[in-house]
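Working through the structure, step by step
Each chain is listed here by its residues.
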Amino acid sequence: MSTETIAPREYQIYSGDDLRTNVLEISMGPQHPSTHGVFRMDVSLDGETVVKLKPVFGYLHRNHEKIAETTSYLGSMPYTDRLDYFCSMTNNWAYALAVEKMAGLAVPERAEYIRVIMAELTRLQNHASLVGFLTNDLGASGTPLLYAIREREHILDLFEWASGARMMCNYMRFGGVRNDLPSGWLAQCKKVVDDFPAFMDEFETLLTGNEIILSRCQNVGVLPRDLAINASITGPCLRASGVDYDLRKVDKYGIYDRFDFKVPLGSVGDCYDRFMIRLLEMRESVKILKQALATIPEGPVNDSKARNFRPKPAEAYGRIEGPKGELGFYLVSDGTPKPHRYHVRPPSFINLTVLEDMCLGQKIADAVIVLGSIDIVLGEVDR
Amino acid sequence: MLGIGILKGMVVTAKNFFGSFVNKRLLPTIQYPEAGNSVTLFSRNIPFLVYDNDEDPLGTMRCVACKICEKECPPQCIYIVMEKDANGKPAKRPKVFDIDISVCMGCQICVEVCPFESIKMDSTFELSTPDRFEGLLLKREHLLKSNTYFHKIHPDEAQEVDDRLAAKQKKPAPTPSTPAA
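Note that the coordinates shown come from a computational prediction; the quantities given were computed from them, not determined experimentally.

Counting its regular elements, chain B contains six helices and six strands. In chain B, the succession of α and β elements from N to C terminus is α-β-α-β-β-α-β-β-α-β-α-α. The C-alpha atoms of chain B give a radius of gyration of 23 Å, which is well past the 16 Å a tight globule of 181 residues would have. By principal-axis analysis of the C-alpha atoms, chain B measures approximately 90 × 40 × 40 Å.

Across the boundary between the two partners, chain B contributes 31 residues, which contact 36 residues of chain A. Both sides of the chain B and chain A interface together cover about 2,800 Å² of buried area, and 53% of this is carbon and sulfur. Here chain B is connected to chain A by one salt bridge. Where glutamate 112 of chain B meets arginine 173 of chain A, a salt bridge forms, and the shortest distance between an N and an O atom there is 2.7 Å. Put simply, the parts of the chain that give the side of chain B that touches chain A at least two residues each are helix H1 (4-19) and helix H3 (109-113) of chain B. Here the side of chain B that touches chain A gets eight residues from one element, more than from any other, and that element is H1 of chain B. The residue inventory of the side of chain B that touches chain A, partitioned by class, reads 17 nonpolar, nine polar and five charged.

Right, let's talk about the confidence of the model for chain B for a bit. Averaged over all residues, the pLDDT of chain B is 81; the fraction at 70 or higher stands at 92%. This complex was scored by the predictor with a pTM of 0.85 and an ipTM of 0.80.

Another point: the sheet that holds strand S8 (residues 339-345) of chain A. Residues and elements named next belong to chain A. What the three strands build is an open sheet, ordered S6-S7-S8; its pairing is antiparallel. For this open sheet the edge positions go to strand S6 (314-322) and S8, each flanked by a neighbour on one side alone. Pairs of neighbouring strands in the sheet enclose a mean axial angle of 10°, with direction left out of account. The sheet contact formed by S6 and strand S7 (residues 325-333) spans nine bridges and is antiparallel. Residue tyrosine 317 lies in a different strand from S7, and its bridge partner there is tyrosine 330.

What you tend to see is this: most non-glycine residues have negative phi, and most peptide bonds are trans. The step from tyrosine 32 of chain B to proline 33 of chain B runs through a cis peptide bond, and the omega angle for that step is 0°. Within the fold, proline 33 of chain B resides in the loop between H1 and strand S1 (47-51). A positive phi angle, near 50°, is found at lysine 252 of chain A, a position not held by glycine. Position of lysine 252 of chain A relative to the elements: it lies in the loop between helix H10 (247-250) and helix H11 (271-295). For lysine 252 of chain A, a relative accessible area of 44% corresponds to the partly exposed category.

All names here are of chain A. Note that aspartate 84 resides in the loop between helix H2 (77-81) and helix H3 (88-103). Taking the relative accessible area as the measure of exposure, aspartate 84 reaches 2% and is therefore buried. Polar side-chain contacts of aspartate 84 include one of 3.1 Å to the side chain of lysine 324. Those residues within four positions of aspartate 84 in sequence are excluded, and the remaining contacts are Asn91, Lys324, Val377 and Glu380.

What counts and how
Residues numbered from 1 in each chain as written. Chains lettered and ligands numbered in written order. Predicted model: local features only at pLDDT ≥ 70, side-chain atom pairs only at ≥ 80, totals over all residues. Heavy atoms only, no water. Helix = DSSP H or I, 4+ residues; strand = E, 2+ residues; numbered from the N terminus. Rg over C-alpha atoms; globule rule 2.2 N^0.38 Å. Contact = heavy atoms within 4.5 Å. Buried area = accessible area lost by both parts, 1.4 Å probe. Salt bridge = Lys/Arg side-chain N within 4 Å of Asp/Glu carboxyl O. Nonpolar A, V, L, I, M, F, W, Y, C, P; charged D, E, K, R; others polar. pLDDT = per-residue confidence, 0-100. Pairing = 2+ DSSP bridges. Axes fitted to C-alpha atoms, helices over the stretch in contact; angles between N-to-C directions. Buried < 20%, exposed > 50% of the residue type's maximum accessible area, 1.4 Å probe, protein only. Polar contact = N/O pair within 3.5 Å; in protein donor to acceptor, adjacent residues only side chain to side chain.

This is the structure:
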């Protein structure tokens, strides 16, 4: 038997200056777990650095706008649930707001309060699970996400109690909401809202100081203030870049002018700012909820005349501050029971347009976090 | 010091892990189906047709086959044919009332537009079937359920409906208005 020893070979290490590599094109998705649905990124990589990124979407396209133009105004209300399936309540509200603007319908006082309560609960559960998904993208597989989902269950139970469904609520109607809150609902809601800050404290202890999150998120995917404005980014992404623009303050739709709350703003516009803005916004939402629950009046929740409305030829654009940004519905009526034109301005879709600018020069692993921090739902992007 | 944040987070996870043995709030998982399910009184799933008298379901069904729900249903999952009597006159009763539950999205629009309180939402689930065509197409016979059943699944709503119907009977029966625009 020969007794040869294995000697270490000599390797040549290139300094990198004279090394020429080809750009590698990777098609990331549509079945990639980090893309939050059926979304594809055509990425060109130099080593691990992104040099070009092209978002490709439309895999979930289901003709939402055209279907809405062939059904009655009421008939497309359940379809709006399926746009951004995390926040069906705010989708309902935006659509109802557009129709109410067009047909000139008034909303009773109690219904306005119910709408605010539902919208803020939606914001709580959307932001909580977004932060969970973002940390999941960072590699914290499951733990923060499951804590968030556990808390979200309490809110979904409230939705089910009031509307009959956990996610596809279909609760708002033109001129109010579908049915009054069941007895005991407000007390349970108060309990959930009072318990929420304890969860937030725990969540922040778990995440905000974590060194891995700090080093992975800070100064990654910076969205400059000017670009955010030019690309008409809205919602938490815009506010993370330091622009004070919140439709709840700017438009004062519904009864938001009655509540005392602040708009948290970021300074850098990186992933960490977008992450923190969500946590801070949840605190403000809890504040709004507490005020709304304390002052909600008794009374009717629906305008019975609104059921048989027939709009005059008109056009209207209703918009609200959804959890993901400005959600708008543009409607044109020609006097028939069906809308002549129905257009959705989806926040996820428009916030996605700056994905390339945020990812250029970053590592491919960071592109995943940048995408996660924008907070997209493919049901809304593709419609 | 580097790592303090991670350690603090570890404490939180440890609290949650050990707490889940004593605190029900920290472990809300329901072992379905052994330990029951989470279906509540308020959930809605698919529609059903209400009849009043348990002995005569077909005779006392509230549906008059006006086809408003068929027209208003957003995914178009309802199919109705009106029954005709021997002289060919409409009998104000559906001969065929089919709901394709593979299409139905449980949106409750049919319940809202029905002027006769005849279609309501059921809270049944576990509707899977090995037959993907006939098994998912519910016929009139499958859909008919008694008012007593409605009282059982949605007590408050059923009571409201009964009160409304009783108030209506005092007044002359209304003609079905044109559906909402």
